Amino acid sequence: LRTAPCSFYFEDAPEMLACAAGLGNSHPPGYPLLVLVGRLALVVPVGHPAFRFNAAVAACAGMAAVLWGRLVATAVHAWLGGGPRLAAAAGAFAAAAWAFSDAFWWEAVIGDKYAPFYLAFAALLWAGAHAGRAVPPALGREAVRTGLVAGLAFAHHQYALFALPALAVAAGRAGVLRAFGARVALGRALALGTAVALLPLSTKLLVPPLRSGGGADPDWAAPRRAARLAAYLTGALYRTPFAATSLPVNPWLSGGRLGLAGRFLREEAPWILWIAAPIGMVVAARRAPWAAVAAAGCLAANAVYCLNFSEKVVRWWEPSLALVLAAAAVGYARLALFLRGWGTVWMALLALGAAGLQVRRGWDRNDLSRWYAAHDFGRQVLRALPPGACYLGAGDFDLFPVWALRVAGQERPDVEAAGVAGFIDARLAAGGAEGRILARAGVRATGPGGVAALLAGAGHLPVFIPPAGFDRRLQEALPFLMVTEIHGLVARPVAAWNPGAGVTATRRQRRAMTRRGLRYARAGALADLARPRDEVARGALLQYAACLSTLGQQCARFGLEADAAWAFHGAREDIEALAGAGSRPGPGTAQAGTAQRAEEDRRAIALAYQRLADVFGARGVTFLADQFRSNAAAVMR
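Residues numbered from 1 in each chain as written. Predicted model: local features only at pLDDT ≥ 70, side-chain atom pairs only at ≥ 80, totals over all residues. Heavy atoms only, no water.

Trainee: Please clarify how helix 3 (residues 49–80) should be interpreted in this entry.
Mentor: Quick reminder: α-helices carry 3.6 residues per turn. Residues three or four places apart thus point the same way. Between the first and last C-alpha of helix 3 there are 47 Å, a value that for 32 residues agrees with the 46 Å anticipated at 1.5 Å per step. Gly-81 occupies a position one or two residues after helix 3 and carries a positive phi of about 70°. (Helix = DSSP H or I, 4+ residues; strand = E, 2+ residues; numbered from the N terminus. Expected span 1.5 Å × (residues − 1).)

Trainee: For this particular structure, what's the right way to read the nonpolar core?
Mentor: Generally speaking, soluble globular proteins have nonpolar side chains that are buried together. Within the largest apolar cluster, 173 residues are counted, with the highest numbers of intra-cluster contacts made by Phe-10, Trp-68, Phe-93 and Trp-371. Counting residues per element, this core draws most heavily on helix 3, at 16 residues. Excluding residues within four positions of it along the chain, Trp-68 makes contact with Ala-94, Trp-98, Phe-121, Ala-122, Leu-125, Ala-322, Leu-323 and Ala-326. Counting 17 residues, the second-largest nonpolar core is a separate cluster that includes Ala-418, Ile-437, Val-443 and Leu-454. (Core = buried A, V, L, I, M, F, W, Y, C linked by side-chain atoms within 4.5 Å. Buried < 20%, exposed > 50% of the residue type's maximum accessible area, 1.4 Å probe, protein only. Contact = heavy atoms within 4.5 Å.)

Trainee: I'm lost on the pairing of strand 1 (residues 390–393) in this one. Help?
Mentor: Within a regular strand, side chains alternate between the sheet's two faces. Judged by which residues are buried, strand 1 turns out to be covered on both faces: Cys-390 and Leu-392 on one side and Tyr-391 and Gly-393 on the other are all buried. Inspection of the sheet shows strand 1 paired to strand 2 (residues 416–419) by four bridges, in the parallel sense. Bridge pairing in strand 2 links Cys-390 to Glu-416. A crossover connection joins strand 1 to the parallel strand 2 through helix 20 (residues 399–408); in handedness this β-α-β unit is right-handed. The pairing of strand 1 with strand 3 (residues 463–464) spans two bridges and is parallel. Residue pairing in the sheet places Cys-390 in a bridge with Val-463 of strand 3. (Pairing = 2+ DSSP bridges. Right-handed = clockwise from strand over helix to strand, strands pointing away.)

Trainee: It is not clear to me how unusual backbone geometry should be interpreted in this structure. Could you clarify?
Mentor: Leaving glycine aside, a negative phi is the common case for residues, and trans is the common case for peptide bonds. Between Pro-28 and Pro-29 the backbone carries a cis peptide bond, its omega angle lying at 5°. Assignment of secondary structure puts Pro-29 in the loop between helix 1 (13–22) and helix 2 (32–43). At the junction of Asp-217 and Pro-218, the peptide bond is cis and its omega measures out at 0° in the coordinates. One non-glycine residue, Glu-11, lies in the positive phi region at around 60°. Its place among the elements puts Glu-11 in the segment before helix 1. For Glu-11, a relative accessible area of 4% translates into the label buried.

Trainee: Explain the confidence of the model for the protein here, please?
Mentor: Regions with low pLDDT should not have their predicted coordinates read in detail. For the protein, the mean per-residue pLDDT works out to 83, and 88% of the residues sit at or above 70. In this model, residues 585–591 is a region of pLDDT below 50 whose contacts with residues beyond four sequence positions or in other chains number four contacts. (pLDDT = per-residue confidence, 0-100.)

Trainee: Honestly, the environment of Ala-95 in this entry has me stumped. Any pointers?
Mentor: With respect to the secondary-structure elements, Ala-95 resides in helix 4 (residues 84–99). Spatially, the C-alpha atoms of Ala-95 and Ala-355 are 8.9 Å apart, while their sequence positions differ by 260 residues. Sequence-distant contacts of Ala-95, that is, excluding residues within four places in its chain, are made with Ala-65 and Gly-69.

Trainee: Can you walk me through a nonpolar patch on the surface in this structure?
Mentor: Side chains of Ile-279, Leu-335, Phe-338, Leu-339, Trp-342, Val-345, Trp-346, Leu-349 and Leu-352 sit close together on the surface and give an oily, nonpolar patch of about 930 Å² of accessible area. It is helix 18 (residues 343–366) that contributes the most residues to the nonpolar patch, four residues altogether. Here Val-345 lies in helix 18. By relative accessible area, which is 40% here, Val-345 ends up partly exposed. (Patch = residues over 30% accessible without salt bridge, like charges linked within 9 Å, V, L, I, M, F, W, Y side chains within 5 Å. Areas by Shrake-Rupley, 256 points an atom, 1.4 Å probe, with all protein chains shown as cover. Salt bridge = Lys/Arg side-chain N within 4 Å of Asp/Glu carboxyl O.)

Trainee: Would you mind showing me how to read the packing of aromatic side chains here?
Mentor: Aromatic ring pairs are described here by two measures, namely the spacing of the ring centres and the angle between the planes. Enumeration over the complete set of coordinates arrives at 27 aromatic pairs. Relative to Trp-316, the ring of Tyr-305 has its centre 5.6 Å away and its plane inclined at 65°; by these criteria the two rings are edge-to-face. Taken together, the positions of Tyr-305 in helix 15 (residues 289–308) and Trp-316 in helix 16 (residues 313–316) put the pair eleven residues apart, joining distant regions of the chain. Accessibility expressed as a relative area gives 22% for Tyr-305, which makes it partly exposed. Through a chain of ring-to-ring contacts, the aromatic side chains of Trp-68, Trp-98, Phe-104, Phe-117, Tyr-118, Phe-121, Tyr-159, Phe-162, Tyr-305 and Trp-316 assemble into a single cluster. A cation over a ring is seen here: Lys-204 above Tyr-31, with NZ or CZ 5.6 Å from the ring centre. (Phe/Tyr/Trp six-rings, centres within 6.5 Å; stacked < 30°, edge-to-face > 60°. Lys NZ or Arg CZ within 6 Å of the ring centre and 35° of its normal.)

Given below as structure tokens:
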């Protein structure tokens, strides 16, 4: 809570907050369980709604770490003996080292969906461990508990499949007991566990269509019919981009993915925290082979999935890191036994050292208590819109903060906000806000034809879109979108641009903008391009630079040299806060003419975009690399 943002962060956090406040349907495949839990958290009358939601997510992270520590302590006590204090110290080591690792800490404070998934993973392994050790009379009770935990886990996130090997080993162990004559009603236990699991899983099947029919806000894909619900639950929307970055399609990315996995281990936990992991694995293999097989299966499932996919692997690797740290805790506890009476003290000091090392290293990197950027960004967008406007956002970068302020903060209820993609992708067309906007304008067409009618003035609705967030497919369908009048961070397509009004409005909006987010980025939170977890926040803040550089180009075309130089200089300041400093003017250019200074700033902007393209290209994130290269080329046109 001390390092959580004062409001909401970027990525999916503001979307989840908006869905909790409006009982809406989040993006496919949907997270109705988190939405319902978040809605309960919003009832608590403490602080800002975003704080309440962040607190609920942070509580999930805290429970995940404590549960993981309990699981490790139980294993150490059962496998090594040494007394309960040694076991507790080993559990504290595993809990602290995991809780304060970078990705875990980050996900714990930003209010997104991954920290509850870490709790689901820990709870699944905890339930599987108890079920695997259950004697026949207690098997029914363990089956009910395991089924309930599994249902809750899969109701929240499909990545619970990383824990399936542990559940399979537990069921297999019960089958072995039965084969050797023990009275184990395996079929009955499995049926009972499955029936209990279906109860929480029903939220996935029932909540989205019920809420969609009841007027959910937001309402991704409007999954009120069976066909749309099936596409929604399977996440078909993301299949194409995920497949494009998978190893079967791009096998040459294998080396880079392995390198990223190695870097993840080094960044997330210093070597001193996991160097004893091989010893712990040997201990587990000798004392509890079934547990070793289960852990190895979970590790393999997680690794295969993470290596196959794209740049977001850092947060997906956390189950593997937890298992490595658990093995390290067992290994260090085994070494501590050689010290006899001092072993517990040594293990306790190691646990304190692990927490201290991680906190000292990670506090500045994960302290978002000064983070206002997403909140300020969304507020600036709303302030730039006239009464009754329709805002067609780009998605994670800009639309989600607007949703959070509209739905959870009750700001600008007169504004309707929807995603541009909803007018292009048939799987999203006429879903949620897109349908309401078309209905307000009296437009029956969907897809690009619908948005073309809106931009042509149907229903006399003032329609705005983010200048930096144009969808390429929309540009191809509607070439006239290339000409816009910019107001702050939003723009309205017009047939003939009014340069005076555009410059004046943007100067006024820039003076009103809060620069806290960019100052924070320059201080280091987003400045390290090698950290993939900040991509959405960086992309959102890049809208400042993109808007101003677009304005500079338009001013230059109309011969407004002073205004063009002002816009390019502002864009350079903004983009260098996020991508690092580019080429600085050489000696003797301080008194150069306005046009020359504008050209220097424009080249620096293009260089920063090219640097971003090189970083993402090296990661194999080709679609972002291509986008930044095209931005660099567009700035220089």
